[in-house]
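A structural walkthrough
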Amino acid sequence: MHEVDDEWMLTRSGLRYLLSPTIASLPFLLIIALGVIRIGLGPLRVIAAAIESRAGADLSALPSSPYRELTPLIEPINRLMARLRLRLRIEHEHEHEFLSDVAHELKTPLAAIRINAHLLCARLDKLVGTIDVGQGLRDGVGRGDTGQ
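Residues numbered from 1 in each chain as written. Predicted model: local features only at pLDDT ≥ 70, side-chain atom pairs only at ≥ 80, totals over all residues. Heavy atoms only, no water.

1. Thoughts on helix H2 (residues 12-40)
Here H2 is 29 residues long and its end C-alpha atoms lie 40 Å apart, about the 42 Å a rise of 1.5 Å per residue gives. Where H2 bends most, at Leu-19, the angle is about 40 degrees, and the proline Pro-21 comes one to four residues later. (Helix = DSSP H or I, 4+ residues; strand = E, 2+ residues; numbered from the N terminus. Expected span 1.5 Å × (residues − 1). Bend = angle between axes of the 7 residues up to and from the residue.)

Okay, here's the thing in structure tokens:
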């Protein structure tokens, strides 16, 4: 039998002999590892490009991925998109209700102003005679009432 000298492995020459193939192959292993990582992240880049290429108002669900590893990422994003669509729909309804209320609230004072302007112009027409001095006032109130 051949006996192994354990003390030689702990010397500089022994360590150099044992580690030199590992150190020499390290750059090649890193290149292979980077290639595997790049290929492995390819589907994630496809999903990122699909999100990036969307219009700002597009909140539709992302297509499902054939890679089951991406499902934990795609499903929460799709749930978030659904919540955002719901929130925007609710906000739009509230905005529509608010604008309808404001328009209704403005019609009543404008109607009162129009009646008062008509009465004032009628009185002015009686005092001045044939000159229609209140036409500008009526026109202005009319424009406010029609939203022009």
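2. A few points about the pattern of salt bridges
Across all of its chains, the model carries two salt bridges by this definition. One salt bridge connects Arg-54 with Asp-58, and the closest N-O pair in it is separated by 3.8 Å. On the basis of relative accessibility, which here comes to 19%, the residue Arg-54 falls in the buried class. Of the residues examined, Asp-58 reaches a relative accessible area of 31% and is grouped as partly exposed. Across the pair Arg-87 and Glu-91 runs a salt bridge, and its minimum N-O distance is 3.3 Å. Taken together, the residues span about one helical turn, with Arg-87 and Glu-91 both in helix H4 (residues 71-128) at a distance of four residues. The exposure class assigned to Arg-87 is exposed, which follows from its relative accessible area of 52%. On the accessibility criterion, Glu-91 (39% relative accessible area) is partly exposed. (Salt bridge = Lys/Arg side-chain N within 4 Å of Asp/Glu carboxyl O. Buried < 20%, exposed > 50% of the residue type's maximum accessible area, 1.4 Å probe, protein only.)

3. A look at a negative patch on the surface
Together, Glu-93, Glu-97, Asp-101 and Glu-105 line one region of the surface with negative charge. Within the element layout of this structure, Glu-93 appears in helix H4. Its relative accessible area of 42% is what places Glu-93 among the partly exposed residues. (Patch = residues over 30% accessible without salt bridge, like charges linked within 9 Å, V, L, I, M, F, W, Y side chains within 5 Å. Areas by Shrake-Rupley, 256 points an atom, 1.4 Å probe, with all protein chains shown as cover. Lys, Arg positive; Asp, Glu negative; His and termini not counted. Charge placed at Lys NZ, Arg CZ, Asp CG, Glu CD.)

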